[in-house]
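# A structural walkthrough
Residue strings, one per chain:
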Amino acid sequence: MTAPLQVLAVASEIFPLVKTGGLADVVGALPAALAAEGVLVRTLIPGYPAVMDRIAIGETVKEYPALHGGAARIIQTSAAGLELFVLDAPHLFARHGNPYVGPNGKDWPDNAQRFAALSFAAADLAGGAVRGYRPHVLHAHDWQAGLAPAFLHYRGGERPASVMTVHNLAFQGAFPAELLGAVGLPPKSFTMDGVEYYGKIGYLKAGLALADHITTVSPTYAREIRTSEHGMGLDGLLRLRAAQVSGILNGIDLQVWDPLTDESLPARFDAKRITKRTVNKLALQSRLGLAEDPEALVLGVVSRLTWQKGLDLLVSAMPMLAAQGAQLAVLGSGDAPLEASFTAAAAADPTRIAVQIGYDESLAHLIQAGADAILVPSRFEPCGLTQLCAMRYGALPVVARVGGLADTVVDANEMALASKAGTGIVFSPVTLDALELAIERTAALWRDRSTWRAVQKRGMATDVSWTRPAAQYAALYRTLVSSRAP
Ligand code: ADP
Ligand code: GLC
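In every chain, residue numbers begin from 1 and rise along the written sequence. Chains carry letters from A onward and ligands carry numbers from 1 onward, assigned in written order. A pLDDT threshold of at least 70 governs which residues receive local features in this predicted model, and a stricter bar of 80 or more applies before side-chain atom pairs are shown or counted, although totals over entire chains, interfaces and linings include all residues. Side-chain numbers here rest on the full set of heavy atoms in the structure, without hydrogens or water.

## What about the packing of helix α1 (residues 22-35) against helix α19 (residues 467-484)?
Where α1 contacts α19, the two axes come as close as 9 Å, and the packing angle between them is 75°. Here α1 lies roughly perpendicular to α19, going by the angle between them. In this structure, α1 contributes Leu-30, Ala-33 and Leu-34 to the contact, and α19 contributes Ala-470, Tyr-473, Ala-474 and Tyr-477. Only C-alpha atoms enter the line fits that serve as axes; for helices the fit covers just the stretch in contact. Angles between N-to-C directions range over 0 to 180 degrees. Per the convention used, a helix needs a DSSP run of H or I reaching at least four residues, while a strand needs a run of E reaching at least two, with both numbered from the N terminus. Roughly parallel refers to an angle under 35 degrees, roughly antiparallel to one over 145, roughly perpendicular to one between 65 and 115, and oblique to any angle outside these ranges. Any two residues having at least one pair of non-hydrogen atoms within 4.5 Å are treated as being in contact.

## Considering helix α13 (residues 361-370)
Along an α-helix, a turn takes 3.6 residues, which lines up residues three or four apart on a common side. Exposure is judged per residue with a 1.4 Å probe applied to protein chains only, and the accessible area is read against the type maximum: over 50% gives exposed, under 20% gives buried, and values in between give partly exposed. In terms of burial, α13 is a largely internal element, 8 of the 10 residues being buried. Residues Leu-363, Ala-364, His-365, Leu-366, Ile-367, Gln-368, Ala-369 and Gly-370 constitute the buried set of α13. Residues adjacent in sequence count toward polar contacts only when both atoms are side-chain atoms; beyond that, a polar contact is any pair of N or O atoms within 3.5 Å, and within protein one must be able to donate a hydrogen and the other to accept it. Two or three places before Ser-362, at the opening of α13, Asp-360 has a side-chain oxygen 3.2 Å from that residue's backbone nitrogen.

## Thoughts on the site of ligand 1
As a structural note, the neighbourhood of ligand 1 is formed by 19 residues, with Gly-22, Asp-25, Arg-304, Lys-309 and Gly-358 the closest of them. Element by element, the count of residues in the shell around ligand 1 is highest for strand β13 (residues 298-305), at 3 residues. For this classification, the nonpolar set comprises Ala, Val, Leu, Ile, Met, Phe, Trp, Tyr, Cys and Pro, the charged set comprises Asp, Glu, Lys and Arg, and every other residue, Gly included, is treated as polar. Residues of the shell around ligand 1, tallied by class, amount to 5 nonpolar, 8 polar and 6 charged. Domain start and stop positions are those given by an automatic or database domain assignment. If you count residues domain by domain, the shell around ligand 1 takes at least three from each of domain 1 (5-251 + 467-484) and domain 2 (271-461). In these notes, residues near a molecule or strand are those with any non-hydrogen atom within 4 Å of it.

## Some points on the packing of aromatic side chains
In this analysis, rings of Phe, Tyr and Trp, with Trp reduced to its six-membered ring, are considered paired at centre separations within 6.5 Å, and the interplanar angle assigns stacked below 30 degrees, edge-to-face beyond 60, and tilted for intermediate values. As enumerated under the stated definition, the model contains 15 aromatic pairs in all. If you follow Arg-95 out to its NZ or CZ, it ends over the ring of Trp-108, 4.6 Å from the centre. When the ring centre of Trp-446 is taken as reference, the NZ or CZ atom of Arg-449 above it lies at 3.7 Å. A positively charged side chain is recorded as over a ring if its NZ (Lys) or CZ (Arg) lies within 6 Å of the ring centre. The angle to the ring normal must also be within 35 degrees.

## As for the site of ligand 2
Close contacts around ligand 2 come from 14 residues, with His-167, Asn-250, Glu-381, Cys-383 and Gly-384 the closest. Residue Asn-168 places a side-chain N or O atom 3.3 Å away from an oxygen atom belonging to ligand 2. Cys-383 places a polar main-chain atom, nitrogen or oxygen, 2.9 Å from an oxygen atom of ligand 2. The accessible surface values rely on the Shrake-Rupley method and a 1.4 Å probe; as for residues, cover is taken only from the protein chains in view. Starting from 310 Å² of accessible surface for ligand 2 in isolation, the protein chains cover 94%. Here the shell around ligand 2 takes 3 residues from α1, the largest share from any one element. Taken together, domain 1 (5-251 + 467-484) and domain 2 (271-461) each give at least three residues to the shell around ligand 2, which thus spans both.

Shown next as structure tokens:
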């Protein structure tokens, strides 16, 4: 039995306390999965109101009389089965709603300070600020935690190994160079191999430059981000550090996503009782005002509505979707013009197209359990979780061949079907034509119900759990720790 390894994770979101996307799901699910690998994770998160309201009474383990303009403290506590450190800094985090954006729809003007504070506290904890707590690894997630490996690097002295995980290279956290001193970085950090990024302070860049290892959430994305097409300005650095970049696929939490016990569903089911899905389909159609027809192909979408997700192409594909006799159920929120296009399409054809703008977990589950297929036409997708939920819930994923979508869905092409393989439809390039052809293929497969059923069952039998990925993270942590040992 190997000794337990202690990991300090730091992130700005954690399911079920605060979530804007898949980052929260991953940060929330990894600790339990890693526990099975003998890895003990404690996660540092900001003390947003949604967090402060849910945590157990904890112990103040560190106080900062003045942290970016106010008193702050770190509370060691727990909530929803998660071991936590919470950075309670009301002047930075006691704001309701979206963690990054204020009521005017713009980023909070002090985001640089807010997430520098989070990262500083992480480095402080990792460096031994709390007596009796000496993690072996600091694991930073996304730009909000990107300065943590940097603070750790510049403080010097003994330190744990550090890992920077990129969930989405599109969000980089770049702030004016003038803030260098204000956010607590030393002047010497403002170099090309430090935090400097095209004349600004790059939070994600800092983590990528200074962490011992970089992971991202799928092997394909780990390669894509080293190309100028997908590197979003960071490909040069990522090529330079290629030997320290790896991809570990996401899983999903099989307790949160279990069609046999899911309380959001009118009919619970598994692969053996797959016909019960029809009850969910009819419930979905009825809830959204779609024509209640078990024979109509229902395509579902659960997504942020942004350029990344390629859903503007779906808006353009509506006429052909109608020609195929398909229905569409969309749940999402994001860019106002895209929300408006979907809303208008639904208003024009309400029994065929339904759109719910907003965030709704129980509807997300019902769509996964009631739609026949789930569309994910992303232009880029670091991993994607909804196609994994879809497989688990017996909805066929119809996905673009990018990033983690390419790594998780096996295209049910002729040869695949002949050899009893294939779990969905995979298309490329990400264009309107290719999306329309993919929808056409989906509709053709739907008409061949026994083949459809076989593909659906293979999806349901696919291991989308955290078991394998957690073992890969654990192995990575152990390698990093042993390579730092004196
Ligand atoms: P991303 O993190 O890029 O948004 P992922 O596919 O990794 O994409 O994760 C999205 C997560 O958010 C999934 O758990 C999905 O079910 C959930 N989700 C997205 N939009 C909504 C919504 N409108 N309502 C409820 N859940 C949503
Ligand atoms: C990001 C990505 C998504 C990924 C998620 C969790 O938000 O857009 O592809 O699944 O993070 O890693």
